[in-house]
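Residues per chain, in single letters:
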Amino acid sequence: LYTENNGMGEQVYKNFERFCTKKKSTEDVFDDLTPSDLNAHLKSIMDGLTAKVFRTYNASKTLQDELLKTEKRVGWKRLTAAEKVVEYNNANREVAILCNHQRSVSKAQVA
């Protein structure tokens, strides 16, 4: 359970609190929601929209935003090829975190 707003907006936070009332910490928040139900709802909003499409869009947007942060901070033209790879891997790691994929630092990145 979230212990603070975490930037999600007051209404969303209040809804999560309400959804979690009477639930054990081991229970899913949306235990009655199936992937088919979610995809049917998303398709009713926009033809062709599925959880997978939404997840892919969200990951792509996050990668773009992370790469733009590097551009604003140092500018891509000033980086060597090796530095660009490091920055790309850092941005990609943020995407993995967003998508709940575990992304550890490789031995090559540590060196």
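Up top is the structure.
Within any chain, residue numbers begin from 1 and follow the written order of that chain's sequence. Local features in this predicted model are restricted to residues of pLDDT 70 or higher, and side-chain atom pairs are both shown and tallied only at a pLDDT of 80 or more, whereas totals for entire chains, interfaces and linings draw on every residue. Side-chain measures were taken over the full set of non-hydrogen atoms in the model, leaving aside hydrogen atoms and water.

Q: How would you summarise the pattern of salt bridges if you had to cite specific residues and measurements?
A: Whenever a carboxyl oxygen of Asp or Glu lies within 4 Å of a side-chain nitrogen of Lys or Arg, that contact is scored as a salt bridge. The final tally for this structure, using the stated rule, is 4 salt bridges. Close ionic contact of D31 with K23 constitutes a salt bridge, the shortest N to O distance being 3.0 Å. Classification of residues uses two cut-offs on accessible area relative to the type maximum, computed with a 1.4 Å probe and protein chains only: under 20% is buried, over 50% is exposed, and between them is partly exposed. The class for D31 is partly exposed, based on a relative accessible area of 45%. Look at K23 and you get partly exposed, because its relative accessible area is 24%. Notably, a salt bridge pairs E66 with K69, separated by 3.0 Å at the nearest N-O pair. Of the two residues, E66 and K69 both sit in helix α3 (residues 51–73), 3 residues apart, roughly one turn of that helix. Think of it this way: any DSSP run of H or I at least four residues long counts as a helix, any run of E at least two long counts as a strand, and we number them from the N terminus.

Q: Describe helix α4 (residues 81–98), listing the residues and the values that go with them.
A: Taking 1.5 Å as the rise per residue, α4 with 18 residues should run 26 Å; its terminal C-alpha atoms sit 26 Å apart, in good agreement. Among the residues of α4, E87, A91, N92, R93, V95 and A96 are the ones counted as buried. Remark: N100 follows α4 within two positions and exhibits a positive phi of approximately 65°. In this scheme, a helix's expected span is set at 1.5 Å multiplied by one less than its residue total.

Q: An account of unusual backbone geometry is needed here, citing residue identities and associated values.
A: Look at K22: it is not a glycine, yet its phi comes out positive at around 70°. With respect to the helices and strands, the residue K22 is situated in the loop between α1 (10–20) and α2 (35–45). Looking at K22, the relative accessible area reads 82%, which means it is exposed.

Q: With reference to specific residues and values, describe the environment of L49.
A: Of note, L49 is situated in the loop between α2 and α3. Using a relative accessible area of 12% as the deciding quantity, one classes L49 as buried. The sequence separation of L49 and N39 amounts to 10 residues, and the corresponding C-alpha distance is 7.3 Å. Setting aside residues no more than four positions away along its own chain, L49 makes contact with N39, L42, K43 and F54. In this analysis, two residues are considered to be in contact whenever any of their non-hydrogen atoms come within 4.5 Å of each other.

Q: Outline the packing of aromatic side chains, listing residues and values.
A: Describing an aromatic ring pair means giving the distance of the ring centres and the angle of the ring planes. In this scheme Phe, Tyr and Trp rings, the latter by its six-membered ring, pair at centre separations within 6.5 Å, and the angle between planes marks the pair as stacked below 30 degrees, edge-to-face above 60, and tilted otherwise. Going through the model one piece at a time under the given rule, you end up with 3 aromatic pairs. Aromatic side chains F16 and F19 sit 6.4 Å apart centroid to centroid with 70° between the ring planes, which places their arrangement in the edge-to-face category. On the criterion of helical spacing, the pair formed by F16 and F19 is a turn pair, its members being 3 residues apart in helix α1. For F16, a relative accessible area of 21% gives the class partly exposed. For F19, a relative accessible area of 30% corresponds to the partly exposed category. Chaining the aromatic ring pairs together yields one cluster made of F16, F19 and F30.

Function cannot be read off these values alone, since they describe shape.
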